[in-house]
Amino acid sequence: MVNTTRSNIPRPKRLRLKSFRIQAGQAFARAAGAPLVADNQVRLLKDARENYPAWLEAIRSAERTIHFESYIIHEDDQGRMFAEALAEKARAGVKVRLIYDWVGGLTATSNKFWRALKFAGVEVRCFNPPSFDSPLAWLGRDHRKLLTVDGRIGFVAGLCVGQMWVGEPEKGIDPWRDTGVEIIGPAVAHLEQAFAQTWAECGEPLTESELVVASTIPRAGDTPLRVVASVPNTAGIYRLDQMIAAAAKETLWLTDAYFAGTSPYVQSLRAAAMDGVDVRLLVPQATDLPIMRAISRSGYRPLLEAGVRVYEWNGPMIHAKTAVADGRWARVGSSNLNLASWITNWELDVIVEDSRFGEQMELMFLDDLANSTEILLTAKRRIAKPKRPQPRRLRAKFDTISSGRTAAGAVRIGNAVTAAIANRRILSPAEARIMFSGGLLLLLFSTVAVFWPRWVSIPLAFFAVWLAVSLFIKAYQLHREGKREESAMLEVADANQETSVQQNSE
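Residues numbered from 1 in each chain as written. Predicted model: local features only at pLDDT ≥ 70, side-chain atom pairs only at ≥ 80, totals over all residues. Heavy atoms only, no water.

Undergrad: Please explain the packing of helix 2 (residues 47-60) against helix 3 (residues 77-91) as it appears in this structure.
TA: A pair of packed helices can be characterised by two numbers: the angle between their axes and the separation between those axes. Running from amino to carboxyl end, helix 2 crosses helix 3 at an angle of 15°, the nearest separation of the two axes being 9 Å. Here helix 3 runs roughly parallel to helix 2, going by the angle between their axes. In terms of crossing hand, the pair formed by helix 2 and helix 3 is left-handed. Here helix 2 contributes Tyr 52, Trp 55, Leu 56, Ile 59 and Arg 60 to the contact with helix 3, which in turn contributes Gln 78, Met 81, Phe 82, Ala 85, Leu 86 and Lys 89. (Axes fitted to C-alpha atoms, helices over the stretch in contact; angles between N-to-C directions. Helix = DSSP H or I, 4+ residues; strand = E, 2+ residues; numbered from the N terminus. Parallel < 35°, antiparallel > 145°, perpendicular 65-115°, else oblique. Left-handed = near helix turned anticlockwise from the far one by under 90°. Contact = heavy atoms within 4.5 Å.)

Structural data, given as structure tokens:
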């Protein structure tokens, strides 16, 4: 008798391939915590010259709502232009809501700027300002860049709002290179939900009636995508980045502004390159945070030795955070390849699974390489210095400080110093500067501790008291919450008992 159990029946190759794709889709959805949303129209937008006009056109066409979330809005010509557009719609009766990050706006925008917007009717909320009961909360920032209008059109990008993205041609200052996308279709509902998530973190949440539902948005195209709204400690985009590096078969091309990859992620890129995948990484040569250049370069050698091709952008700054794999999977958004974006920040990225969009991303990447310098290893396995002259940096007024980037840099320095002390891994020559800086800081700290102990003990004691008080406050709040829940449960139990008594008496 022939055994015809399900496991022994041969399956056609096409069915097996379809089943594999379904399983891969399920794995991506579980890793990123984001379902695949079909029937969208997606447009790739390059630099401020394409992003800003599209944003402003959408804002000026608004009839009901504008939801705008940006890490930084600079108080310069570009910031004032957007502020006036938002204020004009608010005065016209449109519900305008805006979120900015406290650290991002610390040196970029004055209180006068925000007061003018509020006076015009814009609802402005500041994300995660300093709080006495959360001494370390400032490390997690809202790094998202999002705009939705009337629940019908949305934008996700790496761009904030500022003059550096436009440049100053009359002074010979080139604009920053960056990337965004325009989305029309059911996925806009997921963008609205991402905004509502951050809005609720800053105050009173939006009601369900104020948000559009995906099923009510008509089909706009045939492009499927995922909206990955990362929050601290979820690491959704990190898991997805790891999976894509493992799944790529032919190409994996990455652009990143503040690269400081973790050892597991660097290993995933190395493994892909050694397996024959064309892995390329494009990063800035000039940067608004000089320490990040040394940190990024310290990670070149293990990548180059495995066959990963590394390029540095010759312009003033490349701020894009994008990826494209096998010409069919692409990522555009706010997440950098570092721990701050992967673990501590609120980030927003769009994952597009479409070969036409993937081809556009590949062409854009190759166009960027034409203005880049490839980093090579010499015969002695040392990193060769770029042959082309380094570009002019932007003026100091354009420099911004991000706690996320600073935290990522600190983690990278800490990892390198710890590795040197514990002899856990072989360090590259590029990390010599980090070793020297770490040793200098430790020596300086030791000197201060010996000769001026109060300069060390008093700040540490102050911070310990602050931390202790914050824990007491948290404990008191949790205790009160527990009491309220207990009272609510007793009220429900009393009501149920009263109902039961009435039913028995009847």
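Undergrad: Sorry, what's going on with the environment of Asn 40 here?
TA: Within the secondary structure layout, Asn 40 lies in strand 1 (residues 37-46). Remark: the alpha-carbon pair of Asn 40 and Gly 221, spanning 181 residues in sequence, is separated by 4.5 Å. Not counting residues up to four positions away in its chain, the partners in contact with Asn 40 are Ile 183, Ile 184, Gly 185, Pro 186, Ala 187, Ala 220, Gly 221, Asp 222, Thr 223 and Leu 225. Side-chain polar atoms of Asn 40 contact the backbone nitrogen of Ala 187, separated by 2.9 Å. (Polar contact = N/O pair within 3.5 Å; in protein donor to acceptor, adjacent residues only side chain to side chain.)

Undergrad: Help me understand the environment of Tyr 71, please; the structure alone is not making it clear to me.
TA: With respect to the element layout, Tyr 71 can be found in the loop between strand 2 (65-70) and helix 3. Distance from Tyr 71 to Tyr 100, taken between C-alpha atoms, is 5.4 Å for residues 29 residues apart in sequence.

Undergrad: Looking at this structure, I do not really get unusual backbone geometry. What am I missing?
TA: Note: most residues except glycine have negative phi, and most peptide bonds are trans. One non-glycine residue, Asp 150, lies in the positive phi region at around 55°. Residue position: Asp 150 is located in the loop between strand 5 (145-149) and strand 6 (153-157). With relative accessibility at 6%, the residue Asp 150 sits in the buried group. Positive phi is not limited to glycine here, since Asn 233 has a value of about 70°. (Buried < 20%, exposed > 50% of the residue type's maximum accessible area, 1.4 Å probe, protein only.)

Undergrad: Is there a simple way to explain the pairing of strand 13 (residues 329-333) in this structure?
TA: Two faces make up the sheet, and in a regular strand the side chains alternate between them. Along strand 13, 5 of the 5 residues are buried, which leaves the element largely enclosed by surrounding structure. Pairing geometry for strand 12 (residues 322-325) and strand 13, over 4 bridges, is antiparallel. Paired with Val 324 across the strands is Ala 330, a residue of strand 13. Count of turn residues in the strand 12/strand 13 antiparallel hairpin: 3 residues, of which Asp 326 carries a positive phi of about 55°. (Pairing = 2+ DSSP bridges.)

Undergrad: What is the right way to read the pattern of salt bridges from this model?
TA: Enumeration over the complete set of coordinates arrives at 22 salt bridges. With a closest N to O distance of 2.9 Å, Glu 84 and Arg 91 form a salt bridge. Take Glu 84: its relative accessible area is 43%, and that puts it in the partly exposed class. Arg 91 gets classed as exposed once you look at its relative accessible area, which sits at 52%. The shortest N-O distance in the salt bridge between Glu 374 and Arg 309 comes to 3.0 Å. You can see Glu 374 sitting in strand 15 (residues 372-375) and its partner Arg 309 sitting in strand 11 (residues 309-313), a full 65 residues away along the chain. (Salt bridge = Lys/Arg side-chain N within 4 Å of Asp/Glu carboxyl O.)

Undergrad: Teacher, can you tell me more about the confidence of the model for the protein here?
TA: Where the model shows low pLDDT, its predicted coordinates should not be examined in detail. Chain-level pLDDT for the protein is 83 on average; 76% of the residues reach the 70-or-more range. pLDDT under 50 marks residues 1-11. Its contacts with residues more than four places away, or in other chains, come to 4 contacts. Within the model, pLDDT remains below 50 along residues 417-428, and this stretch shows 17 contacts once partners closer than five positions in the same chain are excluded. (pLDDT = per-residue confidence, 0-100.)

Undergrad: So what exactly am I meant to see when it comes to the packing of aromatic side chains here?
TA: One pass over the full model with this rule turns up 13 aromatic pairs. Between Tyr 52 and Phe 82, the ring centres sit 5.3 Å apart and the planes meet at 75°, which makes this aromatic pair edge-to-face. One end of the pair, Tyr 52, is in helix 2; the other, Phe 82, is in helix 3, with 30 residues separating them in the sequence. By relative accessible area, which is 3% here, Tyr 52 ends up buried. The buried category is assigned to Phe 82, whose relative accessible area is 1%. Among the aromatic residues, those joined into a cluster by ring pairs are Tyr 52, Trp 55, Phe 68 and Phe 82. (Phe/Tyr/Trp six-rings, centres within 6.5 Å; stacked < 30°, edge-to-face > 60°.)

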